[in-house]
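A structural walkthrough
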Amino acid sequence: MTDERVSANGGMETSFGFREVGADEKQPLVNDVFHKVAKRYDIMNDVMSAGLHRVWKDAMIAALNPPRREGYRVLDVAGGTGDIAFRIVEASGRKAHATVLDINGSMLAVGAERARKKGLDASLEFVEANAEDLPFAANSFDAYTIAFGIRNVPRIEVALREAYRVLKRGGRLLVLEFSEVEMPLLDSFYDAWSFHAIPRFGKLITGDHAPYQYLVESIRKFPNQRDFAAMIHEAGFARVSFTNYTGGIAALHSGWKI
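Residues numbered from 1 in each chain as written. Predicted model: local features only at pLDDT ≥ 70, side-chain atom pairs only at ≥ 80, totals over all residues. Heavy atoms only, no water.

Looking only at helices and strands, one finds 9 helices and 9 strands in the protein chain. Computed over C-alpha atoms, the radius of gyration of the protein chain comes to 17 Å, within 12% of the 18 Å expected from 2.2 N^0.38 for 258 residues, which places it in the range of a compact globule. With respect to the three principal axes, the spread of C-alpha positions in the protein chain is 45 × 40 × 35 Å. Looking at the protein chain as a whole, 54% of its 258 residues qualify as buried. Considering only residue pairs separated by 6 or more positions, the protein chain has 75% of its internal contacts joining residues 24 or more positions apart. Per element, the accessible surface of the protein chain, about 10,800 Å² overall, is 53% carbon and sulfur. (Helix = DSSP H or I, 4+ residues; strand = E, 2+ residues; numbered from the N terminus. Rg over C-alpha atoms; globule rule 2.2 N^0.38 Å. Buried < 20%, exposed > 50% of the residue type's maximum accessible area, 1.4 Å probe, protein only. Contact = heavy atoms within 4.5 Å. Areas by Shrake-Rupley, 256 points an atom, 1.4 Å probe, with all protein chains shown as cover.)

Take a look at the structure:
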């Protein structure tokens, strides 16, 4: 289904799954999806990835390799439930400070409660804001991470420019996202799983298949690995690269502000 993907030239800003919407309509529609699934977000990711998202996220943190020193600051965007931020803080020996930013208050509420239960309050803060308009000064963070969230941002190119702005010189961007499967047999299996099984499981879990249908379709619309890498480079990043996970079901993109 690669013909449904948008290119590096854009198109996600008016795409709500396979449905075309107005440029000002997408964000409220996406917000509604995540309000509905916030309390079951981890279960949703298990369904979407057959549990592999946990392995991929661990690989993302290993690639970041946060130092065990005070003063290391990370901005985790679209990370409301804290899944990535918790991993970063723990990997740094609780030395790093992570700011979790999400446009969705329901997701942030879940993350803040989880942080309290884990005793990580001192290492984390939760900010409700838009990835396209970050409320931080330039050159503020050592790293910017976003896992399975960039495809839900209407104007991806704007979010990438904001990522570049708030990173310090020498700072790193890491984006983990579902991508284009590059193994033919796996591609056929994954399409069948995505379009037939996932919405059904979603309905069983939440009573509503629609959020899962959107999420599956948004994966198919998102630019492939090379087009997204081109977008990262266009935003100003250097040494842009990507690593496929599980045959391209997901990919980790990396870029540096030099």
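A full pass over the atoms with the stated rule returns 14 salt bridges. In this structure, the salt-bridge partner of Lys 57 is Asp 83, at a minimum N-O distance of 2.5 Å. Separated by 26 residues along the polypeptide, Lys 57 in helix 3 (residues 53-64) and Asp 83 in helix 4 (residues 83-91) bring together distant segments of the chain. Take Lys 57 and Asp 83: they sit in the same class, and that class is buried. Taking the shortest distance from any N to any O, the salt bridge between Arg 165 and Glu 162 comes out at 2.7 Å. Highlighted residues: Arg 165 and Glu 162, both in helix 6 (residues 156-166), separated by 3 residues, approximately one helical turn. Look at Glu 162 and you get buried, because its relative accessible area is 12%. (Salt bridge = Lys/Arg side-chain N within 4 Å of Asp/Glu carboxyl O.)

All right, on to the sheet that holds strand 8 (residues 238-245) then. The strand order 5-4-3-6-7-9-8 describes an open sheet built from 7 strands, whose pairing is mixed. The open sheet has two edge strands, strand 5 (124-128) and strand 8, and neither has a second partner. Going from strand to strand, the sheet's axes swing by 15 degrees on average, the running direction of each strand aside. Note: strand 6 (residues 141-147) against strand 7 (residues 167-178), 6 bridges, orientation parallel. Its bridge partner being in strand 7, Ile 146 is matched across the sheet by Val 175. (Pairing = 2+ DSSP bridges. Axes fitted to C-alpha atoms, helices over the stretch in contact; angles between N-to-C directions.)

Glancing now at the packing of helix 6 against helix 9 (residues 225-234). Packing of helix 6 against helix 9 brings their axes to within 9 Å, and their N-to-C directions diverge by 50 degrees. Here helix 6 is positioned oblique relative to helix 9, judged by the angle of their axes. Relative to helix 9, the crossing made by helix 6 is right-handed. From helix 6, Ile 156, Glu 157 and Leu 160 reach across to helix 9, where they touch Phe 228, Met 231 and Ile 232. Residue composition of the contact of helix 6 with helix 9, grouped by class: 5 nonpolar, no polar and 1 charged. (Parallel < 35°, antiparallel > 145°, perpendicular 65-115°, else oblique. Left-handed = near helix turned anticlockwise from the far one by under 90°. Nonpolar A, V, L, I, M, F, W, Y, C, P; charged D, E, K, R; others polar.)

Residues given the UniProt feature "binding site: S-adenosyl-L-methionine" (unreviewed entry) here are Thr 81, Asp 102, Asn 130 and Ala 131. Note that Thr 81 resides in the loop between strand 3 (73-77) and helix 4. Examined against the element boundaries, Asn 130 turns out to sit in the loop between strand 5 and strand 6. What makes Asn 130 partly exposed here is its relative accessible area of 25%. A polar contact of 2.9 Å, which involves the side chain of Asn 130, links it to the backbone nitrogen of Glu 132. (UniProt positions renumbered as here; feature names shortened; annotations may be inferred. Polar contact = N/O pair within 3.5 Å; in protein donor to acceptor, adjacent residues only side chain to side chain.)

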